Amino acid sequence: MAKQAKVTLERTFTIGEVDKNVFGSFVEHLGRGVYNGIYEPAHKEADEHGFRKDVAELVKELGVSIIRYPGGNFVSGYRWEDGIGPVEFRPKRLDLAWRTLETNEVGINEFASWCRRTDAEPMLAVNLGTRGIEAAVDLLEYCNYPEGTYWSDLRIRHGYRAPHNIKVWCLGNEMDGTWETGHKTPMEYGRLAAETARAMKRFDPDIKLVSCGSSHTFMDTFPEWEAETLAHTYDVVDYISLHQYFGNEEGDTANFLARSLETEHFIKTVIAICDYIKAKKRGKKDIMLSFDEWNVWYHSKLRDDDEMKYNPWQASPCLLEDVYTFEDALVTGLMLITFMKHADRLKIACMAQLVNVIAPIMTHTGGGVCRQTIFYPLLHASRYGRGTALWPLVASPKYDSKDYSDVPYLEAIAVMNEEAEELTLFAVNRCLDESINVDCFFRGFEDYSITEHIAFESENLKAANTVANPDAVVPYSRRDSYVKLGKGEFSIEIGKASWNVIRLKKTTVNVY
Ligand code: AHR
């Protein structure tokens, strides 16, 4: 027996433009993220710069718009100058964040150039853990000043004549966390971030700056951290960061799939705090949200703790190498839907991370590469989610799980691309044993027809793709899943536990 639900759209009920940077990612000097991840000079697929072409192809396919770098926890002890100039003179350092050996073969120049070659924009984090204003503005000048100063001329001497022109900068990383080198109180961070921001904006008022929010909602200092730090940084920053990871440690899938309700709550709380500070300051601008770390992360945690404790100081060890299951992909799909529902305020989101380290792309050193399950929702959202988000009225049956009540089985968002005359409905069915028949009423889209229904479903919720078996679970084009009810109206079947992309296009002949 199928469940019944209803989705109503009205063309003029818009939420906002989905910023292309919502489909971002993150590369940290951690494990095999950089070395033996994006960069593997000895690999047969390496390009003339030592970066793997097969990996870069998948990054391009994914269409990630912006890539945060170089950390993460790593950045809080990083000396960016170690990663510039002739590689043979670059120092090897101990990275205290992940207790590994950093060889510095890849630095800002190599990363920024690789990013541009993969059609993505770099987003740089500065170290506000062990360093501060001077190192941040030196880095900004090295990256962005055209020529004629100490740092810009040094960049040119290093072989990079054109400035990297990096527009988005993070003021440190997770400075509320005691695990962070140089962790700070909100007062200490707020002051340092504000003064660093002021100096950076004196260099270029057009750069965009991200103030550190809480590392997670479970931090004792959340949400006071946001209020106190923003009270210092409001005038000089553009975004505040949010980080969130979920796991299914208890093996309770119904509860796991409900976790995205916390994402919703997190976003609403941070917006409320930004608006409170705006009111307090009699401010004019809205602070936007940068959800610059998000994903499922738990499969590898215990193994990693042991590795860092008992086998420290290795160069690019296997750390945080979660092998993602099908149900993990559903959670990432639910998080993406939640982001698009807040298109008016959430303007950056970076899936953490990109390659090998809690990542949609997995490689074997010296071997192949595969798309993990979580690759697909991000691919679809990045490909079809560009445009204006429309507010969907969703009437869905609900369920209670261990930690959540009134969880809607159906979660959905629609994005209209006016230029291409396309409309896409993204939908997840959280129900594990029944499909849902969804009656759709799309007002203002009477002359649109369904062109494709992409479904991602699996009888085995624990199915995973690996380099050895890369296509164990892949999306497919569903046929005969819908019937026409009227103009702009149809009924569509959404399979149990599935991610769906329902694509419509304006047609002269209505063929629902
Ligand atoms: O993405 C992995 C780590 O998670 C990052 O280094 C840190 O910012 C977060 O705690």
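Residues numbered from 1 in each chain as written. Predicted model: local features only at pLDDT ≥ 70, side-chain atom pairs only at ≥ 80, totals over all residues. Heavy atoms only, no water.

### As for the packing of helix H3 (residues 133-144) against helix H4 (residues 150-157)
1) Next: In the contact formed by H3 and H4, the axes pass within 7 Å of each other and the chain directions differ by 50 degrees. By the angle class used here, H3 and H4 are oblique. Along this stretch, H3 crosses H4, giving a crossing that reads as right-handed. Contacts between H3 and H4 involve Asp138, Glu141, Tyr142, Cys143 and Asn144 from the first element and Tyr150, Trp151, Ser152, Leu154 and Arg155 from the second. (Axes fitted to C-alpha atoms, helices over the stretch in contact; angles between N-to-C directions. Helix = DSSP H or I, 4+ residues; strand = E, 2+ residues; numbered from the N terminus. Parallel < 35°, antiparallel > 145°, perpendicular 65-115°, else oblique. Left-handed = near helix turned anticlockwise from the far one by under 90°. Contact = heavy atoms within 4.5 Å.)

### Regarding the sheet that holds strand E13 (residues 346-352)
1) Next: Strand order in this closed barrel of 8 strands is E3-E4-E7-E8-E9-E10-E11-E13, and the pairing throughout is parallel. When the angles between neighbouring strand axes are averaged without regard to direction, this sheet yields 30 degrees. (Pairing = 2+ DSSP bridges.)

### A short note on the pairing of strand E25 (residues 482-486)
1) Next: Inspection of the sheet shows E25 paired to strand E26 (residues 489-494) by 4 bridges, in the antiparallel sense. Bridge assignment links Lys484 to a residue of E26, and that residue is Phe490.
2) Next: In this structure, the hairpin formed by E25 and E26 is closed by a connection of 2 residues, where Gly488 is found at a positive phi of approximately 70 degrees.

### What to know about the sheet that holds strand E20 (residues 410-417)
1) Next: The sheet built from 7 strands is open, its strands ordered E2-E16-E20-E21-E27-E23-E24 with antiparallel pairing. Each edge of the open sheet is held by one strand with a lone partner, namely strand E2 (14-17) and strand E24 (476-477).
2) Next: Helix H10 (residues 326-341) contacts E2, strand E16 (388-390), E20, strand E21 (422-429), strand E23 (448-457) and strand E27 (498-506) of the sheet and is inclined by roughly 55 degrees relative to E20.

### Some points on the packing of helix H5 (residues 186-203) against helix H6 (residues 224-233)
1) Next: Contact pair H5 / H6: the axes reach a minimum separation of 8 Å and the direction vectors enclose 35 degrees. Between H5 and H6 the crossing geometry is right-handed. Across from Pro186, Met187, Tyr189, Gly190, Arg191, Ala193, Ala194 and Arg198 in H5, the residues of H6 making contact are Trp225, Glu228, Thr229, His232 and Thr233.
2) Next: When the residues that make up the contact of H5 with H6 are grouped by side-chain class, the tally is 6 nonpolar, 4 polar and 3 charged. (Nonpolar A, V, L, I, M, F, W, Y, C, P; charged D, E, K, R; others polar.)

### As for the site of the ligand
1) Next: Inspection of the region around the ligand gives 13 residues, with Glu28, Asn73, Glu174, Tyr245 and Glu293 positioned closest.
2) Next: Within the side chain of Tyr245, a nitrogen or oxygen atom sits 2.8 Å from an oxygen atom of the ligand.
3) Next: Between Gln353 and the ligand, the recorded distance is 3.0 Å, taken from a side-chain N or O atom to an oxygen atom.
4) Next: In the complex, the protein chains occlude 95% of the 290 Å² of accessible area that the ligand would expose alone.
5) Next: Partitioned by chemical class, the residues of the shell around the ligand number 6 nonpolar, 4 polar and 3 charged. (Near = heavy atom within 4 Å. Polar contact = N/O pair within 3.5 Å; in protein donor to acceptor, adjacent residues only side chain to side chain. Areas by Shrake-Rupley, 256 points an atom, 1.4 Å probe, with all protein chains shown as cover.)

### Considering H5
1) Next: Look at H5: 25 Å from first C-alpha to last across 18 residues, which is about the 26 Å you get at 1.5 Å a residue.
2) Next: Those residues of H5 lying buried are Pro186, Tyr189, Gly190, Leu192, Ala193, Ala194, Thr196, Ala197, Ala199, Met200 and Lys201. (Expected span 1.5 Å × (residues − 1). Buried < 20%, exposed > 50% of the residue type's maximum accessible area, 1.4 Å probe, protein only.)

### What about unusual backbone geometry?
1) Next: Backbone torsion omega between Gly71 and Gly72 reads 15 degrees, so that peptide bond is classified as cis.
2) Next: One can find Gly72 in the loop between strand E4 (66-69) and strand E5 (93-95).
3) Next: A cis amide bond, omega 0 degrees, links Ala352 with the succeeding residue Gln353.
4) Next: Mapped onto the elements of the fold, Gln353 is located in the loop between E13 and strand E14 (361-363).

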